[in-house]
Amino acid sequence: MTMTAEEQTSEGQHTIPMEGEDITPKKDGGVLKLVKREGTGTELPMTGDKVFVHYVGTLLDGTLFDSSRDRGERFSFELGKGQVIKAWDIGIATMKVGEVCQLICKPELAYGSAGSPPKIPPNATLVFEVELFEFRGEDVTDEEDGGIIRRIITKGSGYTKPNEGAAVEVTVEGTCEGRVFDERELKFEIGDGEGLGLPTGVEKAIMAMEQGEEALFTIKPKYGFGNAGNAKYNIPGGATLQYKIKLAAFEKAKESWEMNATEKLEQSVIVKEKGTQYFKEGKYKQASVQYKRIVSWLEHESSLSEEDEKKAKTLQLAAHLNLAMCFLKLQEPNQALENCDKALELDASNEKALFRRGEALCGMKEFDKARDDFQQVVQLYPANKAAKSQVVLCQKYIKQQHEKDKRIYANMFQKFAERDSKKEAEKMKGDTKENGNDNMEVENREKEVESEAKA
């Protein structure tokens, strides 16, 4: 539907022509669009995309109320998230990169009966000239490192999203360089995806979705199959993946605050067994997810009876010890060290905690501290032969490090000595030259005096 009639002000003066295509879903004239310059390509922005535009906003009588061009700075926002007036979410979703268009926006899709004082009066129809420069998908990673980018195909409903342990029903289609390598309907709990051949990025993507949402995710290697790739799916190392995911339904796992103390203890026993099974299968990341849940549930629980307090302490200790082991296997010594320290807060002389902390410190090349931990294990648990071996090994590494340091410092001091000698030689050379110049000046002056005397 195209409208070309003109509206008039109350004084009878002509206003900006009400012309353009009706682009509102209901076709009720809420937003009229007139293309002034065609854009390029065929792709349009999707819900959640970050769009970058310039705009000039006027009232129907031509009065300017806002302009990004006057400020000299492009305006950006996330499309379809309610960050701008509804007319913009509708209109800019129809634009291509490079396009310039006019949007005439009725009050009900702009600022309504309230207006936006002092520049926009109540019940004002607004006119915007908009230029779209670029749009890009939404980054859904916690670190905002661009590792998982979402383009929403169909917006979901509701305000809640799946959490760790949530039961989800999804349809996934994974592609790599245009080839579909995985296409399935799945039901599983968040945290179990790796066992189903899903990369970590897929679970992180699902946790950003609303029920009923369908979206396309671009997943970088860090959140995909990494540098190792995936032989089963014939994915090379370092490959970027695309996953089209539809979240059909989900049931959130109970958060810590939703469970009473008894429930937390019961659930902790269940997930501990689940984590142990993953560990036995060599699925250390999945195991760590389960052990972390125990810590989150019990770490700050204060409403336990004396008997339950002992059970909770035992479960927390086991969780931290197992997390330390998982992180050692994953070659993440800093995380292992952190969990060993937590375990030792619960049991200061725990054999496994001290030994694993020593291993973590070795991984961080802090051999002096590692030796101290292994020696403490030997003192407390003389039968621990592995700790005795580690003490000897640490001594060896410490000696090697000292020898290396001696060579480094010897070379460094030699270089300093050579540099200082060079500077001294240059200084002496400069002094000699300066003295030579001074002597020449004296000789010249003496000759001048002799000449003057003869004259």
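Going by the structure above, here's the rest.
Everything numeric here is computed off the predicted structure, so don't read it as measured data.

Colleague: How would you summarise the overall build of the protein if you had to cite specific residues and measurements?
Modeller: Along the protein, the regular secondary structure elements total 10 helices and 14 strands. Each of the 455 residues in the protein was classed as buried or not, and the buried ones make up 39%. For the protein, long-range pairs separated by at least 24 residues make up 62% of all intrachain contacts whose partners lie at least 6 apart in sequence. Carbon and sulfur atoms make up 49% of the accessible area of the protein, which amounts to about 26,100 Å² in all.

Colleague: Give me the packing of aromatic side chains: which residues, what numbers.
Modeller: Under the criterion given, the structure shown has 15 aromatic pairs. For the pair Phe 77 and Trp 88, a centre-to-centre distance of 5.8 Å together with 50° between the ring planes defines the contact as tilted. Of this pair, Phe 77 sits in strand β6 (residues 75-78) while Trp 88 is found in helix α2 (residues 86-92), placing the two residues 11 residues apart along the sequence. Relative accessible area serves as the criterion here: at 4%, Phe 77 is assigned to the buried category. The class for Trp 88 is buried, based on a relative accessible area of 4%. Each member of the aromatic cluster is reached from another via a ring pair, and the members are Tyr 55, Phe 65, Phe 75, Phe 77, Trp 88 and Phe 128. The ring of Phe 133 carries the charged tip of Arg 74 above its face, separated from the ring centre by 3.8 Å.

Colleague: Please set out the pairing of strand β8 (residues 126-136) residue by residue, giving values where relevant.
Modeller: Note: strand β4 (residues 50-59) against β8, 10 bridges, orientation antiparallel. Bridge pairing in β8 links Val 56 to Glu 129. As judged from the 6 bridges shared by strand β7 (residues 100-105) and β8, these two strands associate in the antiparallel manner. Paired with Gln 102 across the two strands is Glu 129, which belongs to β8.

Colleague: Please give an account of the sheet that holds strand β10 (residues 148-154) that cites residues and values.
Modeller: Judged by pairing direction, the sheet is antiparallel, and its 6 strands sit side by side in the order β9-β10-β13-β14-β11-β12 without closing on themselves. Looking at the sheet topology across the chains shown, the edges are occupied by β9 (138-139) and β12 (179-189).

Colleague: So what about the packing of helix α4 (residues 261-280) against helix α5 (residues 284-298)? Which residues, and what values?
Modeller: The angle between the axes and the distance between the axes are what describe a pair of packed helices. Put simply, α4 and α5 touch, their axes get as near as 8 Å, and they point 165° apart. With respect to α5, the element α4 is oriented roughly antiparallel. Seen along the crossing, α4 lies across α5 with a hand that is left-handed. Of the residues in α5, those in contact with Lys 264, Leu 265, Gln 267, Ser 268, Val 271, Lys 272, Lys 274, Gly 275, Thr 276, Tyr 278 and Phe 279 of α4 are Tyr 284, Gln 286, Ala 287, Gln 290, Tyr 291, Arg 293, Ile 294, Trp 297 and Leu 298. Among the residues forming the contact of α4 with α5, the class breakdown is 10 nonpolar, 6 polar and 4 charged.

Colleague: Quick rundown of the side chain of Ser 67? Include the residues and the values.
Modeller: Structurally, Ser 67 can be placed in strand β5 (residues 64-67). For Ser 67, a relative accessible area of 5% gives the class buried. Only 3.1 Å separates the side chain of Ser 67 from the backbone nitrogen of Asp 70, close enough to count as a polar contact. Each residue touching Ser 67, except ones within four places of it in the same chain, is listed here: Tyr 55 and Val 56.

Colleague: Summarise the layout of surface pockets; cite the residues concerned and give the values.
Modeller: The calculated volume of the largest pocket comes to roughly 1,100 Å³. Those elements that provide at least two residues to the lining of the largest pocket are α3 (200-206) and α5. It is α5 that contributes the most residues to the lining of the largest pocket, 7 residues altogether. What the second largest pocket holds in volume is close to 310 Å³. Forming the boundary of the second largest pocket are 16 residues, of which Gly 165, Ala 253, Lys 254, Gln 267 and Arg 293 lie nearest the centre. When contributions to the lining of the second largest pocket are tallied by element, the ones reaching two or more residues are α4 and α5. For the lining of the second largest pocket, the element with the highest residue contribution is α4, accounting for 6 residues. Considering only residue class, the lining of the second largest pocket consists of 6 nonpolar, 2 polar and 8 charged.

Colleague: So what about the nonpolar core? Which residues, and what values?
Modeller: Within the largest apolar cluster, 38 residues are counted, with the highest numbers of intra-cluster contacts made by Leu 265, Tyr 291, Ile 294, Leu 298, Cys 362, Ala 370 and Phe 374. Residue contributions to this core peak at 8 residues, all from helix α6 (residues 306-329). Ranked by size, the runner-up nonpolar core spans 31 residues in total, among them Val 172, Phe 181, Leu 186 and Phe 225.

Colleague: Give me the environment of Ala 205: which residues, what numbers.
Modeller: With respect to the helices, strands and loops of the structure, Ala 205 is situated in helix α3. A relative accessible area of 0% means that Ala 205 is categorised as buried. Sequence separation between Ala 205 and Ile 149 is 56 residues; the distance between their C-alpha atoms is 8.7 Å. Not counting chain neighbours up to four residues away, the residues in contact with Ala 205 comprise Ile 148, Phe 217 and Ile 245.

Colleague: Outline the state of the cysteines, listing residues and values.
Modeller: Evaluation of the coordinates by the stated rule reveals 0 disulfides. Free cysteine Cys 105: the closest other cysteine sulfur is in Cys 101, separated by 9.2 Å.

Colleague: How would you explain unusual backbone geometry if you had to name every residue and give the values?
Modeller: Of note, the bond from Pro 117 into Pro 118 is cis; its omega dihedral lies within 30 degrees of zero at 0°. Mapped onto the secondary structure, Pro 118 falls in the loop between β7 and β8. A positive phi is found at Glu 177, a non-glycine position, where the angle reads about 55°.

Colleague: How would you sum up the side chain of Lys 33? Please name residues and give values.
Modeller: Its place among the elements puts Lys 33 in strand β3 (residues 31-37). In this structure the side chain of Lys 33 is engaged in a polar contact, spanning 2.9 Å, whose partner is the side chain of Thr 94. If we ignore the near neighbours within four places in the chain, the residues touching Lys 33 are Gly 20, Glu 21, Ile 23, Thr 94, Met 95, Glu 99, Cys 101, Gln 102 and Leu 103.

Colleague: Break down α6 for me, citing the residues and quoting the values.
Modeller: End to end, α6 covers 35 Å across 24 residues, agreeing with the expected 34 Å (1.5 Å per residue, within 8%). Residue Gln 331 follows α6 closely and has a positive phi angle near 60°.

Basis of the calculations
Residues numbered from 1 in each chain as written. Predicted model: local features only at pLDDT ≥ 70, side-chain atom pairs only at ≥ 80, totals over all residues. Heavy atoms only, no water. Helix = DSSP H or I, 4+ residues; strand = E, 2+ residues; numbered from the N terminus. Buried < 20%, exposed > 50% of the residue type's maximum accessible area, 1.4 Å probe, protein only. Contact = heavy atoms within 4.5 Å. Areas by Shrake-Rupley, 256 points an atom, 1.4 Å probe, with all protein chains shown as cover. Phe/Tyr/Trp six-rings, centres within 6.5 Å; stacked < 30°, edge-to-face > 60°. Lys NZ or Arg CZ within 6 Å of the ring centre and 35° of its normal. Pairing = 2+ DSSP bridges. Axes fitted to C-alpha atoms, helices over the stretch in contact; angles between N-to-C directions. Parallel < 35°, antiparallel > 145°, perpendicular 65-115°, else oblique. Left-handed = near helix turned anticlockwise from the far one by under 90°. Nonpolar A, V, L, I, M, F, W, Y, C, P; charged D, E, K, R; others polar. Polar contact = N/O pair within 3.5 Å; in protein donor to acceptor, adjacent residues only side chain to side chain. 1 Å grid on protein atoms, 1.4 Å probe; cavity = no way out; pocket = protein on both sides within 12 Å on 5 of 7 lines; lining within 4 Å. Points joined across faces, edges and corners; volume = space filled by probe spheres on them. Core = buried A, V, L, I, M, F, W, Y, C linked by side-chain atoms within 4.5 Å. Disulfide = S-S within 2.5 Å. Expected span 1.5 Å × (residues − 1).

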